Amino acid sequence: YIARKNCTNTPEDKERYQTVYADPEQKVAVAAPTAGLHFTKGLIDALEAKGLRFHDLLLRVGLGTFRPIQADTLEEHPMHSESYTIGQAALDALREGVEGGTRVAVGTTSVRTIEDTLRKDAESKVSAPFTSEANLFLYPPVEFLGVDALVTNFHLPRSTLLCLVSAFLTPGQTDGIQWLKEIYSEALAKGYRFYSYGDAMLIL
């Protein structure tokens, strides 16, 4: 969907379309978790110096993340599955929570992974490294178990990602749909960049 005059990609894409914390040995995804593209090594170092802790997830982002909603109702939409792996440190952090702190997810795929893990862990304790598939469709008025804040890009129309973000804006309610429309209207009016190489927002 990125229109270019003479080609579909450029050599720079091989470097730019990758997070700084990606494992080059793990070539398991068809798309980058694009909210992570905003993080540089310098930014991560600065945040860690302020006491923030980072935990890694292995996300196998699939083509289904780009599939638009074509069903008449959200309940009828066949949600795609994406495989993930979560290590012991991240699993412990999710179980324990952060006393007096905020759990920030970088990207909607991370949110789905975290929420899927905690729901499965509540049903039957899982052991790390935990590999599973998430086909969790998060839309209003869902509640969130393991995420307090979210860094996310601006997404395509009629996408499941928009549903997740609108739910995250007002957990347990449906007001987030209208709020999201207002946010996107402002982003369009101010010339924000959308999609993979676009801008991001932080929802607190």
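Small disclaimer: the values here were computed from a predicted structure and weren't measured. (Residues numbered from 1 in each chain as written. Predicted model: local features only at pLDDT ≥ 70, side-chain atom pairs only at ≥ 80, totals over all residues. Heavy atoms only, no water.)

Undergrad: In this structure, what is going on with the side chain of Ser83? I would like to understand it.
TA: Take Ser83: it is sitting in strand S2 (residues 82-86). On the basis of relative accessibility, which here comes to 18%, the residue Ser83 falls in the buried class. A polar side-chain atom of Ser83 sits 3.5 Å from the main-chain carbonyl oxygen of Ser132. What Ser83 contacts, discounting residues up to four positions off in sequence, is Leu58, Leu59, Arg60, Thr131, Ser132 and Glu133. (Helix = DSSP H or I, 4+ residues; strand = E, 2+ residues; numbered from the N terminus. Buried < 20%, exposed > 50% of the residue type's maximum accessible area, 1.4 Å probe, protein only. Polar contact = N/O pair within 3.5 Å; in protein donor to acceptor, adjacent residues only side chain to side chain. Contact = heavy atoms within 4.5 Å.)

Undergrad: Just to check I follow, could you spell out the sheet that holds strand S5 (residues 149-153) for this structure?
TA: The three strands lie next to each other as S3-S5-S6, forming an open sheet whose pairing is mixed. Every interior strand has two partners, whereas the edge strands, strand S3 (104-106) and strand S6 (200-203), have only one. Taken over all neighbouring pairs, the strand axes of this sheet differ in orientation by 15° on average, direction set aside. The sheet contact formed by S3 and S5 spans three bridges and is parallel. For Ala105, the partnering residue across the bridge sits in S5 and is Leu150. (Pairing = 2+ DSSP bridges. Axes fitted to C-alpha atoms, helices over the stretch in contact; angles between N-to-C directions.)

Undergrad: It is not clear to me how the packing of aromatic side chains should be interpreted in this structure. Could you clarify?
TA: The geometry of an aromatic ring pair comes down to the distance between the two centres and the angle between the two planes. Applying the stated criterion across every chain yields a total of ten aromatic pairs. For the pair Tyr17 and Tyr197, a centre-to-centre distance of 6.1 Å together with 85° between the ring planes defines the contact as edge-to-face. Residue Tyr17 is located in the loop between helix H1 (11-16) and helix H2 (41-49), and its partner Tyr197 is located in the loop between helix H6 (176-189) and S6; the two are separated by 180 residues in the primary sequence. Considering the side-chain rings of Phe194 and Tyr195, the 6.0 Å spacing of their centres and the 90° angle between planes classify their relative orientation as edge-to-face. These aromatic residues form a ring-pair network of at least three members: Phe154, Tyr184, Tyr192, Phe194 and Tyr195. In this arrangement the basic side chain of Arg16 is found over the ring face of Tyr197, its NZ or CZ atom lying 4.3 Å from the centre. (Phe/Tyr/Trp six-rings, centres within 6.5 Å; stacked < 30°, edge-to-face > 60°. Lys NZ or Arg CZ within 6 Å of the ring centre and 35° of its normal.)

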